[in-house]
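As a plain string of letters, each chain reads:
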Amino acid sequence: KAPKNFARYQFLAKRFLKAGRLPALLLSAARKREKLGSGFAELADQLKLMQALCLAWWRGEYRKIDSRALLAVVAALLYFVTPLDALPDWLFGFGFIDDLAVLAWVMRTWQVELEAFQQWRTAQSPEVLRVVERLPEVDESITVTEGSLQ
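Let us look at the structure shown here. Being a predicted model, the structure only gives us computed values, none of them experimental. (Residues numbered from 1 in each chain as written. Predicted model: local features only at pLDDT ≥ 70, side-chain atom pairs only at ≥ 80, totals over all residues. Heavy atoms only, no water.)

## Observations concerning helix H4 (residues 67-81)
No. 1: Taking 1.5 Å per residue as the helical rise, H4 with its 15 residues ought to reach 21 Å, and the 21 Å between its terminal C-alpha atoms agrees with that figure.
No. 2: The element H4 is extensively covered by neighbouring structure, given that 12 of its 15 residues are classed as buried.
No. 3: By the N-cap criterion, in which a side-chain oxygen at the helix start approaches the backbone nitrogen of a residue two or three places on, H4 is capped by aspartate 66, the distance to arginine 68 being 2.7 Å. (Helix = DSSP H or I, 4+ residues; strand = E, 2+ residues; numbered from the N terminus. Expected span 1.5 Å × (residues − 1). Buried < 20%, exposed > 50% of the residue type's maximum accessible area, 1.4 Å probe, protein only. Polar contact = N/O pair within 3.5 Å; in protein donor to acceptor, adjacent residues only side chain to side chain.)

Shown next as structure tokens:
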């Protein structure tokens, strides 16, 4: 069963993908992930895998993923970057428990899809991965349309 309120984040994930906002989300997730302490190594590893998947998909290098799995991964990243979720992140020591639960649910539910991506990733050369998994520059993450920022 999906975590409480996860459907809301899936709806937001769909909007983020349609609006081309995935790069901005990935930058936010990376910044927040870098602030995690050493006690959250498993969470950081899960986030890195999901971020790598999203980057490879965004760059068009990996598209062999069920659209529902991609949506769940993006929703989990949105949940992670949102400071006021089920347990606010400012509750030191407790604020990431719900984030862990959501990430664990996505990892378990979409295990086959994530393992297939991991196999693809392992088969790539380090040079290819450096390009594919490079975080977008700030200007890459902003889409200019008809003179307005989106």
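Back to the write-up after that little detour.
## Some points on the packing of aromatic side chains
No. 1: In the structure shown here, the tally under the stated rule is 5 aromatic pairs.
No. 2: Their ring planes at 70° and their centres at 5.1 Å tell us that tyrosine 62 and phenylalanine 117 sit as a pair that is edge-to-face. Linking tyrosine 62 in the loop between helix H3 (41-58) and H4 with phenylalanine 117 in helix H6 (residues 111-123), this pair joins segments that are 55 residues apart in sequence. Each member of the pair, tyrosine 62 as well as phenylalanine 117, is classed as buried.
No. 3: Centre to centre, the rings of tyrosine 62 and tryptophan 120 are 5.2 Å apart; their planes meet at 50°, and the pair counts as tilted. Of the two residues, tyrosine 62 is situated in the loop between H3 and H4 and tryptophan 120 in helix H6; the sequence distance between them amounts to 58 residues. Each member of the pair, tyrosine 62 as well as tryptophan 120, is classed as buried.
No. 4: The structure contains a cluster of three or more aromatic residues connected by ring pairs, namely Tyr62, Phe117 and Trp120.
No. 5: When the ring centre of phenylalanine 80 is taken as origin, the NZ or CZ atom of lysine 32, which lies over that ring, is 4.8 Å away.
No. 6: Here arginine 63 stacks its cationic end above the ring of tryptophan 57, 4.4 Å away from the centre of that ring. (Phe/Tyr/Trp six-rings, centres within 6.5 Å; stacked < 30°, edge-to-face > 60°. Lys NZ or Arg CZ within 6 Å of the ring centre and 35° of its normal.)

## Observations regarding the pattern of salt bridges
No. 1: Counted by the stated rule, this structure contains 3 salt bridges.
No. 2: Between glutamate 127 and arginine 130 there is a salt bridge; the shortest N-O distance is 3.9 Å. Taken together, the positions of glutamate 127 and arginine 130, both in helix H7 (residues 126-132) and 3 residues apart, correspond to about one turn of that helix. (Salt bridge = Lys/Arg side-chain N within 4 Å of Asp/Glu carboxyl O.)

## Digging into the packing of helix H1 (residues 6-18) against H4
No. 1: Closest axis-to-axis distance for the H1/H4 pair is 8 Å, and the angle between their directions is 105°. In terms of their interaxial angle, H1 and H4 are classed as roughly perpendicular. Together, Phe6, Tyr9, Gln10, Leu12, Ala13, Lys14, Phe16 and Leu17 of H1 and Leu70, Leu71, Ala72, Val74, Ala75, Ala76, Leu78 and Tyr79 of H4 make up the contact between the two elements.
No. 2: Here the contact of H1 with H4 is composed, by residue class, of 14 nonpolar, 1 polar and 1 charged. (Axes fitted to C-alpha atoms, helices over the stretch in contact; angles between N-to-C directions. Parallel < 35°, antiparallel > 145°, perpendicular 65-115°, else oblique. Contact = heavy atoms within 4.5 Å. Nonpolar A, V, L, I, M, F, W, Y, C, P; charged D, E, K, R; others polar.)

## Regarding H3
No. 1: Between its first and last C-alpha, H3 extends 25 Å over 18 residues, near the 26 Å set by a 1.5 Å rise per residue.
No. 2: Taken together, the buried positions of H3 are Leu43, Ala44, Gln46, Leu47, Leu49, Met50, Gln51, Ala52, Leu53, Cys54, Leu55 and Ala56.
No. 3: Following H3 by one or two positions, glycine 60 adopts a phi angle in the positive range, close to 80°.

## Here we look at the side chain of glutamine 46
No. 1: As for its position among the elements, glutamine 46 is in helix H3.
No. 2: Setting aside residues no more than four positions away along its own chain, glutamine 46 makes contact with Leu103, Ala104 and Met107.

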